[in-house]
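# Examining the three-dimensional arrangement
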Amino acid sequence: MATTSPQIPPHTVNGSPGDPTTSIDIQGWKIASTSLPISNAPEIDELQETLHGLPIPEMPFGNNSIVLKHEASGWEYSFNALGALSGVKLGELGDGDGGVKVGLEPNSDTPMPETSPTKEYDWTYTTTYPGKESNNSSTHLKWTPADPENPTHCIPLAQLSRRDPILYYAEILLYEDELHDNGSSRLVVRLRVMPTCLFILSRLTVRVDGVVFRTFDTRIYHSFQPDPSSVSGTPHVVRECSGWEAPYDVVKRHLPNPNDLTPLTDANFIAQVLTQLPKSVSQNPRAKNGTGWRGLVTRVEICHLDPKPMVDETQVAVDGV
């Protein structure tokens, strides 16, 4: 039975393909993305100073961002490289930081997990950055635990898998590093705006060759449809954060062709394998062969978009403000 395509709501797309910044105005939201080349030397120096000396990844994209602004509440939420790298541990790694140990076997270029790193920062550039309320936000709202019994407090994967029209799409790279030829660390944020909702996936993928694979996903979802469970009619945003990791060889065993290692560089393949493994393997901070990383959790939260308080213009005039 054929499904009916959702009605396209009024919206305005600003900018043209190839412009560094484009945006869409839809259903009371202004959603913008900026995609620019890799940061230059002065920008990298400024970024490092702001981050208190953290060594910067080989490829930082400090000018890239995705920004959501809800007009009625004044709430603004964004993803950018500075925020992401602020979540990278600077200093000696301790319990829960998920430190990865890699060295070189004598007379070999093969990475070995038995020796300790010497750098006093997380050289894998692991971050649990879920985005952040922007400094420009005119209101400050709280994230609260989702109600697992409320179907509107979750990410509707079935709806997102439909072939609904995409009114606006953006993909930005925040940073990438080849980990001194030991693997890769890459953080990408993707945005889709459809007739019924907006959806963001921020995905960090870490591969340390011969040692570990790690993924941290943040999903942001908002339905443009009224929430039937809300007595006040206040809309909300859902945020789901999840982290997984597994030993390199465990993921490698899931290759379609054992002689073709190409999928091990594919973030989608890595995420698919990690999420399908038993949680006792991929989301267990106490796993025997794990790193003890505290990011191995799934957390779902909501943020109610309470409208900005109305200003009594008569009272303002009397007060002289």
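Residues numbered from 1 in each chain as written. Predicted model: local features only at pLDDT ≥ 70, side-chain atom pairs only at ≥ 80, totals over all residues. Heavy atoms only, no water.

Looking now at the pattern of salt bridges. One pass over the structure, following the stated rule, counts 12 salt bridges. As a salt-bridge pair, aspartate 97 and arginine 294 come within 2.8 Å of each other at their nearest N and O atoms. Here the residue aspartate 97 occupies a position in the loop between helix H2 (81–86) and strand E7 (103–104), and arginine 294 occupies one in the loop between helix H6 (279–282) and strand E16 (298–304), the gap between them amounting to 197 residues. What makes arginine 294 exposed here is its relative accessible area of 51%. (Salt bridge = Lys/Arg side-chain N within 4 Å of Asp/Glu carboxyl O. Helix = DSSP H or I, 4+ residues; strand = E, 2+ residues; numbered from the N terminus. Buried < 20%, exposed > 50% of the residue type's maximum accessible area, 1.4 Å probe, protein only.)

As a further point, take the confidence of the model for the protein chain. For any part of a model where pLDDT is low, the fine detail of the predicted coordinates should not be relied upon. Here the protein chain averages 89 in pLDDT, while 88% of its residues score no lower than 70. In the model, residues 104–118 has pLDDT below 50 throughout and makes 24 contacts with residues more than four positions away in sequence or in other chains. The model gives residues 311–321 a pLDDT under 50, and that stretch makes 2 contacts with residues more than four places away or in other chains. (pLDDT = per-residue confidence, 0-100. Contact = heavy atoms within 4.5 Å.)

Moving on, we come to the sheet that holds strand E14 (residues 212–223). Reading across the sheet, the 8 strands line up as E4-E11-E12-E13-E14-E15-E16-E10 and stay open at both edges, with antiparallel pairing between neighbours. Strand pairing shows two members of the sheet lacking a second neighbour, strand E4 (59–60) and strand E10 (143–145), which therefore form its edges. Bridge count between strand E15 (residues 236–247) and E16: 7 bridges; the pairing is antiparallel. Its bridge partner lying in E16, histidine 236 is registered against histidine 304. Here helix H5 (residues 267–276) sits on the sheet in contact with strand E13 (197–208), E14 and E15, set at roughly 90 degrees to E14. (Pairing = 2+ DSSP bridges. Axes fitted to C-alpha atoms, helices over the stretch in contact; angles between N-to-C directions.)

Trp29, Ile31, Trp75, Tyr175, Val193 and Val208 are the most contacted members of the largest nonpolar core, which totals 52 residues. Setting aside residues no more than four positions away along its own chain, valine 208 makes contact with Val100, Val102, Trp123, Thr124, Leu179, Asn182 and Tyr248. Listed in part, the 13 residues of the second largest apolar core include Tyr248, Val250, Val251 and Leu277. (Core = buried A, V, L, I, M, F, W, Y, C linked by side-chain atoms within 4.5 Å.)

Another point: the packing of aromatic side chains. One pass over the structure, following the stated rule, counts 10 aromatic pairs. For the pair phenylalanine 79 and tyrosine 129, a centre-to-centre distance of 6.0 Å together with 80 degrees between the ring planes defines the contact as edge-to-face. Linking phenylalanine 79 in strand E6 (residues 75–80) with tyrosine 129 in the loop between strand E8 (111–112) and strand E9 (132–133), this pair joins segments that are 50 residues apart in sequence. Like tyrosine 129, phenylalanine 79 is buried. (Phe/Tyr/Trp six-rings, centres within 6.5 Å; stacked < 30°, edge-to-face > 60°.)

Here the focus is the sheet that holds E9. Spatially, 6 strands are ordered E1-E2-E3-E5-E6-E9 in an open sheet, and the strand pairing comes out antiparallel. Each end of this open sheet is capped by a strand with a single partner; those strands are strand E1 (11–14) and E9.

Turning next to the pairing of E16. As paired strands, E10 and E16 are joined by 3 bridges and run antiparallel to one another. If you follow threonine 144 over to E16, its bridge partner there is isoleucine 302.

Before going further, it helps to spend a moment on unusual backbone geometry. Although it is not a glycine, glutamine 27 adopts a positive phi angle of roughly 50 degrees. For glutamine 27, the position within the fold is in the loop between strand E2 (21–26) and strand E3 (29–34). We note that tyrosine 125 has phi near 55 degrees; this positive angle belongs to a residue other than glycine. With respect to the secondary-structure elements, tyrosine 125 resides in the loop between E8 and E9. Tyrosine 125 gets classed as buried once you look at its relative accessible area, which sits at 3%.

Position of asparagine 150 relative to the elements: it lies in the loop between E10 and helix H3 (157–160). Judged by relative accessible area, asparagine 150 falls into the buried class, the value being 13%. There is a polar contact of 2.8 Å between the side chain of asparagine 150 and the side chain of threonine 152. (Polar contact = N/O pair within 3.5 Å; in protein donor to acceptor, adjacent residues only side chain to side chain.)

Once that is clear, we can look at helix H1 (residues 41–50). Counted residue by residue, H1 has 1 buried out of 10 residues, so it is predominantly exposed. With a side-chain oxygen lying 2.9 Å from the backbone nitrogen of glutamate 43, the N-terminal cap of H1 falls on asparagine 40. Just past H1, the residue histidine 52 takes up positive phi, approximately 60 degrees.

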